[in-house]
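Now for the letters of each chain:
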Amino acid sequence: MGRHGARLRWVVALVSVTIAVLATVDRYVDREREWARGGDQVTVTVDALLPEPDQVKDAVVTLGWPEPVDNIIGDPDRQSVAVRLRWSGPPRKGHYQVMLLDGRLEPAQVVQPYAGWDAAGGTGFNWAGAYDVLAERYPWLADTASGEELEGTFTIPDRLGAVGTRALADGSLIAVFRLAPDALPVTDPSRLVVAFCYVELGGEVRWAKRVPVAASA
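All figures in this text were calculated on a predicted structure; none of them were measured in a lab. (Residues numbered from 1 in each chain as written. Predicted model: local features only at pLDDT ≥ 70, side-chain atom pairs only at ≥ 80, totals over all residues. Heavy atoms only, no water.)

> Before we go on, may I ask you to explain the environment of Ala 169 in this structure?
Relative to the assigned elements, Ala 169 resides in the loop between β9 (162–166) and β10 (170–178). Judged by relative accessible area, Ala 169 falls into the partly exposed class, the value being 23%. (Helix = DSSP H or I, 4+ residues; strand = E, 2+ residues; numbered from the N terminus. Buried < 20%, exposed > 50% of the residue type's maximum accessible area, 1.4 Å probe, protein only.)

Next comes the structure, spelled out in structure tokens:
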């Protein structure tokens, strides 16, 4: 009985370990699939305008920003890009983070956000250390990595930032971004690209979707 009981306990332990390993593998496979295909359930379109510095207010109103827009101004030393996103898909707990990238560069460089507005009103922009995973998971987001300096310290480039909005089933967002002062002017909005990222309530990034930019009619 003692030997039989020991053998039984060993079999039970082996089965338990096997189940745990298989569950871990399944979670890993599911997570990898989410990184690669998580954004497929959401349809996103992006329109863009390239206003002159004195026309930025008019541009965001054209895209749907309600007046007055006294807090939106152009910068004569930096080109502004006004974008409007529309999306539809399943509702999610958490929020979407939206980045604009200059696809003329290699890797595509993040364009600094300036302002945003959604159905709830003005929305700010931010950057979190958790977003560093984007550069690890997506080669086209290599520019989102924090910069490493001496003695293992990390800095966040000033241009890094994303405009946040609620992860509604059907939503829209208007945002303004500003290119670097030394950047060549953008004349073709299709050279830009948007990163549409889902971040759950706990702050963990789940996936990013690459969205082409079209000129607004």
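From this point, the discussion proceeds with the structure in view.
> In this structure, what is going on with the pattern of salt bridges? I would like to understand it.
Pairs can form between side chains of opposite charge whenever their charged atoms are close. For the structure on display, the rule yields twelve salt bridges. We note a salt bridge from Asp 143 to Arg 159, for which the minimum N-O separation is 2.5 Å. Note that Asp 143 is positioned in the loop between α3 (133–137) and β7 (147–148) and Arg 159 in the loop between β8 (154–155) and β9, a separation of 16 residues in sequence. Glu 200 serves as the salt-bridge partner of Arg 206, at 4.0 Å between the closest nitrogen and oxygen. (Salt bridge = Lys/Arg side-chain N within 4 Å of Asp/Glu carboxyl O.)

> Sorry, what's going on with the pairing of strand β3 (residues 94–102) here?
Two faces, one strand: in a regular strand the side chains alternate between the faces of the sheet. Across the nine residues of β3, eight count as buried, placing the element largely inside the fold. Of the strand pairs in this sheet, β3 and strand β11 (residues 192–200) are connected by nine bridges, and their pairing is antiparallel. Of the residues in β11, the one forming a bridge with Met 99 is Ala 195. Note: β3 against β9, four bridges, orientation antiparallel. Within β9, the residue paired with Gln 97 across the bridge is Gly 164. Bridge analysis of β3 against strand β4 (residues 109–118) gives three bridges, and the strand direction is antiparallel. Bridging from a neighbouring strand, Leu 101 pairs with Val 110 of β4. Hairpin connection of β3 to β4: six residues between the antiparallel strands. (Pairing = 2+ DSSP bridges.)

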